[in-house]
2 protein chains.
Amino acid sequence: MSFISVNPESDFSIHNLPYGIFSTQANPKPRPGVAIGDYILDLSQVSKLFVGPLMRNEAEEVFNQTTLNKLMSLSYEAWHEARQTIQRLLSKHEGVLRDNSELRSTAFVLQRDATMHLPAQIGDYTDFFSSLEHAINGVKLFVDGDKALFPNWKYSPLGYHGRASSIVVSGSPIRRPNGQMRPIDDRPPVFGPCKLMDFEIEMAFFIGNTPNKNGDIVPIDEAHKHIFGMVLMNDWSARDIQKWEWIPLGPFLSKNLGTTISPWVVTMEALEPFKVVNVVQEPKPFPYLYHADNYNFNVNIAAAIKPDNGEASVVARTNLSHLYWTMKQMLAHHTITGCNLNAGDLMATGTISGPTPDSYGSMLELSWNGTKPLTLSDGSERKFLHDGDEVIFTAHSERDGCRVGFGECRGKLIPALAL
Amino acid sequence: MSFISVNPESDFSIHNLPYGIFSTQANPKPRPGVAIGDYILDLSQVSKLFVGPLMRNEAEEVFNQTTLNKLMSLSYEAWHEARQTIQRLLSKHEGVLRDNSELRSTAFVLQRDATMHLPAQIGDYTDFFSSLEHAINGVKLFVDGDKALFPNWKYSPLGYHGRASSIVVSGSPIRRPNGQMRPIDDRPPVFGPCKLMDFEIEMAFFIGNTPNKNGDIVPIDEAHKHIFGMVLMNDWSARDIQKWEWIPLGPFLSKNLGTTISPWVVTMEALEPFKVVNVVQEPKPFPYLYHADNYNFNVNIAAAIKPDNGEASVVARTNLSHLYWTMKQMLAHHTITGCNLNAGDLMATGTISGPTPDSYGSMLELSWNGTKPLTLSDGSERKFLHDGDEVIFTAHSERDGCRVGFGECRGKLIPALAL
């Protein structure tokens, strides 16, 4: 328990302690903080209290950065020590912060008074395709209803390089894009605003630790030491633009219009109690992708659509544990050809679809390509997103009264530029 | 003419003045320089001599960076002023450097005494597919000999997001990757070292100027103001890994093993005299892609293979002007959905293949997928690359005795990791 009172429904109990980058009106410099209840602990104010052997020479530097990259670049063991220190500092049994009212007055900021920023400078961003249900639905809806799953899908976690510059923090508006589409297959393409604007429910993980060098790999049994923590992600997708562009080079402009992430990075250590068994993989993966330990996580995710000036309606509930491929496998696969990673790189899971129609992770699947419109609480229907719709993802894990949540990943769709 | 004597065969005449980042044993800090003949003008030593209205308040900062990003982030007009100042400082008619022996002794470094670094911190890297000949050959060799060109190819410059972290400067070794391949179509894939290691002759352009914001576009008629300059690029490609992975998400691990660029960034102003007419485009592009002015450049490119301890053999000669899509079109297309660019981003042309078999830009095409091996000067044959092969690209433009060259883009293929 913390001396900071935390509502049992809060995403940010002392078991969580996610890192983020925030600023305030009084101090506009972005800086690292940890969420606790309704507050943020300003780590730049308490860096001297990190007295463990791994953090004492690092804390002042890493907690005075404008991003989490330096913290992420420390070792797996240092992350553990930092978390232990923060948990101790916030404990109701520890007086160093609790009993120092002057320090408390500068070290705690109400979340409602803070502006959240991107947690890291993201060098490279990769999006995987790790949900079997999404892959199967994608083939049916996007390729050809009679086609089988791609032959390579069960042999490796497929992925593609995404655009890092257009990743934005929760709350940033997303503009409906203009682009080329071909609404009728045997006619020439047309240009104009996207008509099939979609979300994709994803989660993403930040890379940390000492990077591998170009030409070297991260072995599968070391992969977890390079995964710092997770965020929610909305991989906004322009389906009609995507359908016209994706062969032969994969998703490009249909995905780089903006990608939203939640601001709080939940560490893998906070998610440790929510580990569940991995999905059975058949065929058995190649040795470079095989790991015997569990690295699958029970995280409940909900997606809601809130029309302009309306109420939010939950349209999907899914779970991170539906993924076929684990994050360890995604990371090891990414480096097998020698691709060098850097602290602050981001890798996303791909759309997380469950086995039932209400657990699908995109409007494409939920409305079955527009053939089964969803009805929102105001009675309006949605095949795809309307201008003014705000899409809100939330996620949390819960077990034995211990709750670890991700906060919100939200973004409002604004009308296309008139070109 | 410069007071620095420049061999007429040099790539680095006073008409060129490419920017790069270099360091020396005496001063290991990477810093901006300009190539002139066999020398580098150390811009950090002469920043006070930039007295024009746009550069005088910027020069000290931008020329004391460890990358060119800040210089690239200045305006198109500031780039022009900087170039004029450097041309004046190096002119035989200008005494400020010529007659100051003390300054000359610190401001000039022999290129052979310098180590070159990546010219910029590359935030995002995009690879296009802008050569029609390469696209046609690719369909024949890689997809299906009977298939037509992709239906979207002539409507827009296709591209994909590449991996920025694995872009390395000329001279860095490239390791043959391990990965998954499926040598026999109806059998399961295998894992091991790539057997079909290839190069791709490309050129790439650095983005500069004030970036567009997420959700905004760069109009086609403004696109040239965001193109700072060009380098040579070898987009090393593992063809067997590529063939197994590329459907449905495009090139991924087959391309992120390492991408080599030449260290000297030749400005678009230096290339201005070598403009030639654009390739005729039919169908006529959508208005957002249409420009009436010429933005095609006559740059001769040669590719050579130098076996371990052997002599280099030229295996291909091609030309930048073969591209169907212009760099203005690539850039405008990239932003049409609202993707925000940053100074220091890199966009590559894709493999530049000409119309004749000796002008193809990859071993895949030159050896026609291994069916027509090339013979090197030592009598050895090549279908694809061998371990120990060094691949060397050079390029230059020449007209009326004025020569503008790119230096070298070279990299040696080293054996795969034993896994």
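Residues numbered from 1 in each chain as written. Chains lettered and ligands numbered in written order. Predicted model: local features only at pLDDT ≥ 70, side-chain atom pairs only at ≥ 80, totals over all residues. Heavy atoms only, no water.

**A few points about the packing of aromatic side chains**
Under the counting rule described, the total for this entry stands at 39 aromatic pairs over all chains. Their ring planes at 90° and their centres at 6.1 Å tell us that phenylalanine 3 of chain B and phenylalanine 108 of chain B sit as a pair that is edge-to-face. Note that phenylalanine 3 of chain B is positioned in the segment before β1 (19-24) and phenylalanine 108 of chain B in strand β4 (residues 108-110), a separation of 105 residues in sequence. Overall, phenylalanine 3 of chain B belongs to the buried group, its relative accessible area being 16%. Between phenylalanine 129 of chain B and phenylalanine 150 of chain B, the ring centres sit 6.4 Å apart and the planes meet at 50°, which makes this aromatic pair tilted. Residue phenylalanine 129 of chain B is found in the loop between β6 (125-128) and α6 (132-143), and its partner phenylalanine 150 of chain B is found in the loop between α6 and β7 (159-162); the two are separated by 21 residues along the sequence. Look at phenylalanine 150 of chain B and you get buried, because its relative accessible area is 11%. Following the ring pairs from residue to residue traces out a cluster consisting of Phe129, Phe150, Trp153, Tyr324 and Trp325 of chain A. Over the aromatic face of tyrosine 290 of chain A sits the side chain of lysine 284 of chain A, whose NZ or CZ is 4.5 Å from the ring centroid. (Phe/Tyr/Trp six-rings, centres within 6.5 Å; stacked < 30°, edge-to-face > 60°. Helix = DSSP H or I, 4+ residues; strand = E, 2+ residues; numbered from the N terminus. Buried < 20%, exposed > 50% of the residue type's maximum accessible area, 1.4 Å probe, protein only. Lys NZ or Arg CZ within 6 Å of the ring centre and 35° of its normal.)

**Quick notes on the relation of the copies chain A and chain B**
Laying chain A over chain B is done by rotating through 180° and shifting 0.0 Å along the axis; what remains is an RMSD of 0.0 Å. The transformation just described matches what one would write down for a two-fold rotation axis. The rotation axis passes nearest to the C-alpha of glycine 250 of chain A in chain A, at a distance of 2.2 Å. (Least-squares fit on C-alpha atoms with pLDDT ≥ 70 in both.)

**Focus: the interface of chain A and chain B**
Across the contact, 63 residues belong to chain A and 63 residues belong to chain B. At the surface where chain A touches chain B, the tally comes to six salt bridges. Here aspartate 216 of chain B makes a salt bridge to arginine 175 of chain A, at a shortest N to O gap of 3.9 Å. When contributions to the side of chain A that touches chain B are tallied by element, the ones reaching two or more residues are β6 (125-128), β7 (159-162), β10 (178-181), β11 (190-193), α7 (239-249) and α9 (327-335) of chain A. No other element matches α7 of chain A, which puts seven residues into the side of chain A that touches chain B. Residues belonging to the side of chain A that touches chain B are distributed by class as follows: 33 nonpolar, 23 polar and seven charged. (Contact = heavy atoms within 4.5 Å. Salt bridge = Lys/Arg side-chain N within 4 Å of Asp/Glu carboxyl O. Nonpolar A, V, L, I, M, F, W, Y, C, P; charged D, E, K, R; others polar.)

**Topic: the packing of helix α6 (residues 132-143) of chain A against α7 of chain A**
Axis angle and axis distance: for two packed helices, these are the angle between their axes and the distance between the axes, and together they describe the pair. Residues and elements named next belong to chain A. In the contact formed by α6 and α7, the axes pass within 12 Å of each other and the chain directions differ by 85°. Classified by the angle between their axes, α6 and α7 sit roughly perpendicular to one another. Only Arg239, Gln242, Lys243 and Trp246 of α7 make contact with α6, whose side of the interface consists of Leu141, Phe142 and Val143. Broken down by class, the residue content of the contact of α6 with α7 amounts to four nonpolar, one polar and two charged. (Axes fitted to C-alpha atoms, helices over the stretch in contact; angles between N-to-C directions. Parallel < 35°, antiparallel > 145°, perpendicular 65-115°, else oblique.)

**A closer look at the sheet that holds strand β21 (residues 313-319) of chain A**
All names here are of chain A. An order of β9-β26-β25-β20-β21 is seen for the five strands of this open sheet, with the pairing classed as mixed. Unpaired on one side and paired on the other, β9 (174-175) and β21 mark the two borders of the sheet. When strand β25 (residues 390-399) meets strand β26 (residues 402-414), the two strands line up antiparallel, connected through nine bridges. Bridged to glutamate 390 within β26 is lysine 412. (Pairing = 2+ DSSP bridges.)

**Considerations on the UniProt feature "binding site: substrate" (unreviewed entry) in chain A**
UniProt annotation of "binding site: substrate" (unreviewed entry) refers to Phe129, Gln242 and Thr351 of chain A when read in the numbering used here. Discounting residues that sit within four places of it in the chain, phenylalanine 129 of chain A has contacts with His134, Ala135, Phe150, Trp153, Leu158, Thr349 and Gly350 of chain A together with Pro248 and Leu249 of chain B. By the element assignment, threonine 351 of chain A lies in the loop between β22 (346-348) and α10 (363-366). Leave out the neighbours within four places in its chain, and threonine 351 of chain A touches Ser131, His134, Glu200, Ile201, Glu202, Gly361, Ser362 and Glu365 of chain A. (UniProt positions renumbered as here; feature names shortened; annotations may be inferred.)

**Overview of the side chain of glutamine 180 of chain B**
Inspection of the secondary structure puts glutamine 180 of chain B in strand β10 (residues 178-181). Within polar-contact distance, the side chain of glutamine 180 of chain B engages the backbone oxygen of tyrosine 155 of chain A at 2.7 Å. Among the polar contacts made by the side chain of glutamine 180 of chain B, one reaches the side chain of tryptophan 244 of chain B at a distance of 3.0 Å. Contact partners of glutamine 180 of chain B, with chain neighbours within four places excluded, come to Tyr155, Ser156, Phe286, Tyr288 and Leu289 of chain A together with Pro189, Val190, Phe191, Asp240, Ile241 and Trp244 of chain B. (Polar contact = N/O pair within 3.5 Å; in protein donor to acceptor, adjacent residues only side chain to side chain.)

**Side note on the confidence of the model for chain A**
In the predicted model, chain A carries a mean pLDDT of 97, and 100% of its residues have values of at least 70. Interface predicted TM-score (ipTM) for the complex: 0.97; the corresponding pTM is 0.98. (pLDDT = per-residue confidence, 0-100.)

**As for the sheet that holds strand β2 (residues 31-36) of chain A**
Hydrogen bonding along the main chain pairs the strands of a sheet, whether they run parallel or antiparallel. Residues and elements named next belong to chain A. Read across the open sheet, the five strands follow the order β4-β3-β2-β1-β5; overall the sheet is antiparallel. Bordering the open sheet on either side are β4 (108-110) and β5 (114-117), each of which pairs with just one other strand. On average, each strand axis in the sheet is inclined to that of its neighbour by 50°, with strand direction left out of account. Here strand β1 (residues 19-24) runs beside β2; their pairing, made up of four bridges, is antiparallel. Bridge assignment links tyrosine 19 to a residue of β2, and that residue is valine 34.

**A short note on the environment of glutamine 25 of chain B**
Turning to its location among the elements, glutamine 25 of chain B is positioned in the loop between β1 and β2 (31-36). The sequence separation of glutamine 25 of chain B and methionine 327 of chain B amounts to 302 residues, and the corresponding C-alpha distance is 37 Å.

**Section: the pattern of salt bridges**
Oppositely charged side chains are able to pair whenever their charged atoms sit close together. Residues and elements named next belong to chain A. In this structure the tally under the stated criterion is 44 salt bridges over all chains. With its nearest N and O atoms 3.6 Å apart, the salt bridge here joins glutamate 94 to arginine 88. On the basis of relative accessibility, which here comes to 34%, the residue arginine 88 falls in the partly exposed class. Residues joined by salt bridges that share partners form a network here, namely Asp198, Glu200, Asp235, Arg239 and Lys255.

**Considerations on the UniProt feature "binding site: Ca(2+)" (unreviewed entry) in chain A**
Residues and elements named next belong to chain A. Annotation from UniProt places "binding site: Ca(2+)" (unreviewed entry) at Asp127, Glu200, Glu202 and Asp235. A stretch of 109 residues holds the annotated residues, and the largest C-alpha distance among them is 11.4 Å, short enough that they meet in one place. Position of glutamate 202 relative to the elements: it lies in strand β13 (residues 201-207). Ignoring sequence-local partners within four residues, the contact set of glutamate 202 consists of Asp127, Leu232, Met233, Asp235, Ala348, Thr349, Gly350, Thr351, Ile352 and Phe393. We classify aspartate 235 as buried; its relative accessible area is 1%.

**What about the domain arrangement of chain A?**
Residues and elements named next belong to chain A. Under the domain assignment used here, chain A contains domain 1 (19-117) and domain 2 (125-414). Distance between the C-alpha centres of domain 1 and domain 2: 30 Å. Contact with domain 1, which involves 20 residues of that partner, is made by 19 residues of domain 2. Interface area for domain 1 against domain 2, summed over the two sides, is near 1,600 Å², with a carbon-plus-sulfur share of 67%. Contact with domain 2 buries surface across domain 1, with Tyr19, Met72 and Trp79 losing the most and accounting together for 38% of the total. Taken together, the links from domain 1 to domain 2 amount to zero salt bridges. Joining domain 1 to domain 2, the criterion identifies four residue pairs in polar contact (both at pLDDT 80 or more). Of all elements in the fold, only β1, β2, α2 (69-72), α3 (76-90) and β5 reach the threshold of two or more residues within the side of domain 1 that touches domain 2. Top contributing element to the side of domain 1 that touches domain 2 by residue count: α3, with four residues. Tallied by class, residues from the side of domain 1 that touches domain 2 come to eleven nonpolar, eight polar and one charged. (Domains from an automatic or database assignment. Buried area = accessible area lost by both parts, 1.4 Å probe.)

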